[in-house]
Structure formats: C-alpha cells, structure tokens
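The residues making up each chain are set out below.
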Amino acid sequence: MNDLRVIKTHLAIQNALIELLDEKPFEKVQVQEIIEKALINRTTFYRYYSGKSDLVGKLIKEVKAEYQDLLKKRFESDNLLRFMQTIGNRLLEKRRLILALWQIKTPRHHLYDDMHTLLKNAFIAHAKRITSDDKDWADKNWDYQAHIFATIALESHKYYFEQGKLLPIPQVFEAWIEMVQVLKSI
C-alpha cells in the first residue's frame, strides 16, 4: 500500500469514521455516511472493506499490532521514562483514532479491552521475569497488580488524550505515588 492515492483514500475513510463517531455511536453510523464524508464513491469503499465492521476491525488490528510492538519494546527497555515518552508520542499521534475506536464496544470490536489485556499480560510477564530469582516473589500471582496497572495506565492515557495532551510520565508516576500515600493516611 505504498501508492499515495491509496494511502490518502484510507486516511480519508479513517477520518470520516472518526468524525462520525464524534457525532453518534458506531451502531448508528452508516457506510453511506462514511462514503459521503470521505468524498469517495461506493466502489472505492468496497474495494477495501466489506462494510463498516470490516473497516473498524482492520483499524483495530493495526492499532493493536502497533501497541503490542510498543509494549514489547517497553519491557525490554532500560530507560523507562524515555521509552514512555516515545510510546506516549506515538499514541498521541493516533489519539483521535484511538479515542474513537475505544468508544466501540461490540462482541467483535473492543479495542480498549484488548489493549487492557495486552498491557496486563505484558506487566505479568515482566514481573515474573524480574522476580524469577527471588523465591519470595517468584510464585506470586501478579494478576491483581497487572489489572490495576493496566486500568490506571489506560485511564491516564485517556484522560490526557481527551485534552489533546501528551501523558506527562514523571508527573503521572508522582500522582500515582501520591494516591497511594493519601490512601495509606486514611
């Protein structure tokens, strides 16, 4: 898909979908509306997608693949803050698409939940890897911590994405620590 016209067409379709999802829920979006907003003809749309569900499915697949790749690189990185800034920048570039796709919750499409699971599994694998030499920690069930971490991390991204801002990693980590400190003092 290196043809510039094809790239522009896919981008127009993607942007049309995002705009429509800003206006109404996925269930109410019609293919004809996507076509009209993207300024393409019906044949062009159906050359690439069998319908709106196929379009969303392919967009989710792309986002998930990139996110999974970023997570893999994150947990292999020695410099957490630098890496988190990199991942934050990459996700911020796609924030409108990600926010739009996070709104869609159907039996087939659930990007937010998929990203939560990917993040949770990456955390568990990382925790087991770094604690494998410590017998007190080696057999620990990390499910709860991983679930809470994935929830807090994704909700932090969502909070800043909705404001159009990059997630300020050092400040966010400090805020997480402050939350725990407040809870401990109760």
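Refer to the preceding data block for the structure.
Reading the values: the criteria
- Residues numbered from 1 in each chain as written.
- Predicted model: local features only at pLDDT ≥ 70, side-chain atom pairs only at ≥ 80, totals over all residues.
- Heavy atoms only, no water.
- Helix = DSSP H or I, 4+ residues; strand = E, 2+ residues; numbered from the N terminus.
- Contact = heavy atoms within 4.5 Å.
- Areas by Shrake-Rupley, 256 points an atom, 1.4 Å probe, with all protein chains shown as cover.
- Core = buried A, V, L, I, M, F, W, Y, C linked by side-chain atoms within 4.5 Å.
- Buried < 20%, exposed > 50% of the residue type's maximum accessible area, 1.4 Å probe, protein only.
- Expected span 1.5 Å × (residues − 1).
- Arc of directions from axis to C-beta.
- Polar contact = N/O pair within 3.5 Å; in protein donor to acceptor, adjacent residues only side chain to side chain.
- Salt bridge = Lys/Arg side-chain N within 4 Å of Asp/Glu carboxyl O.
- Phe/Tyr/Trp six-rings, centres within 6.5 Å; stacked < 30°, edge-to-face > 60°.
- Lys NZ or Arg CZ within 6 Å of the ring centre and 35° of its normal.

Draft legend 1. Spatial organisation of the overall build of the chain. A tally of regular secondary structure across the chain gives 10 helices and 0 strands. Helices and strands in the chain line up, N terminus first, as α-α-α-α-α-α-α-α-α-α. In the chain, of all internal contacts separated by at least 6 residues, the share reaching a separation of at least 24 is 61%. Surface accessibility of the chain: about 11400 Å² in total, with carbon and sulfur atoms responsible for 54%.

Draft legend 2. Highlighting the nonpolar core. Ranked by internal contacts, the top residues of the largest apolar core, which has 51 residues, are I34, F45, Y67, L101 and W102. Excluding its chain neighbours within four sequence positions, the residues that come into contact with I34 are I13, A16, L17, L20, V29, F45, K52 and L55. Judged by nonpolar contacts, the second largest core, of 5 residues, contains F123, I124, A127 and W142.

Draft legend 3. Summary view of helix α10 (residues 169–185). End to end, α10 covers 24 Å across 17 residues, agreeing with the expected 24 Å (1.5 Å per residue, within 8%). Within the span of α10, buried status applies to I169, V172 and W176. An end-on view of α10 places all buried positions within 65° of arc, on one side of the element. Structural note: α10 exposes Q171, V182 and S185 on the side pointing more than 90 degrees away from its buried face.

Draft legend 4. Region of interest: the side chain of H116. Inspection of the secondary structure assignment puts H116 in helix α7 (residues 111–131). A residue is classified by how much of its surface remains accessible, and H116, at 11% relative accessible area, is buried. Side-chain polar atoms of H116 contact the side chain of T151, separated by 2.8 Å. Sequence-distant contacts of H116, defined by excluding residues within four places in its chain, comprise H147, A150, T151 and L154.

Draft legend 5. Summary view of the side chain of K120. Here K120 is to be found in helix α7. For K120, a relative accessible area of 17% translates into the label buried. Polar side-chain contacts of K120 include one of 2.9 Å to the side chain of D143.

Draft legend 6. Summary view of the environment of G164. With respect to the helices and strands, the residue G164 is situated in the loop between α9 (143–162) and α10. Judged by its relative accessible area of 35%, G164 falls in the partly exposed class. When near neighbours in sequence (up to four residues on either side) are disregarded, G164 contacts L92 and R95.

Draft legend 7. Quick look at the pattern of salt bridges. All chains considered together, the criterion is met by 11 salt bridges. Between R96 and D22 there is a salt bridge, with the nearest N and O atoms lying 3.8 Å from each other. Of this pair, R96 sits in helix α6 (residues 95–102) while D22 sits in helix α1 (residues 4–23), placing them 74 residues apart in sequence. In this structure R96 comes out as partly exposed when scored by relative accessible area, which is 38%. Here the residues in one salt-bridge network are E19, E23 and K37, joined through shared partners.

Draft legend 8. Expanded view of the packing of aromatic side chains. The final tally for this structure, using the stated rule, is 10 aromatic pairs. The ring of F26 is capped by K52, whose NZ or CZ atom sits 4.5 Å from the centre of that ring. The ring of W142 is capped by K140, whose NZ or CZ atom sits 5.5 Å from the centre of that ring.

Draft legend 9. Representation of unusual backbone geometry in the model. Positive phi, close to 60°, is recorded for L39, a residue that is not glycine. With respect to the secondary-structure elements, L39 resides in the loop between α2 (31–38) and α3 (42–48). Relative accessible area serves as the criterion here: at 76%, L39 is assigned to the exposed category.

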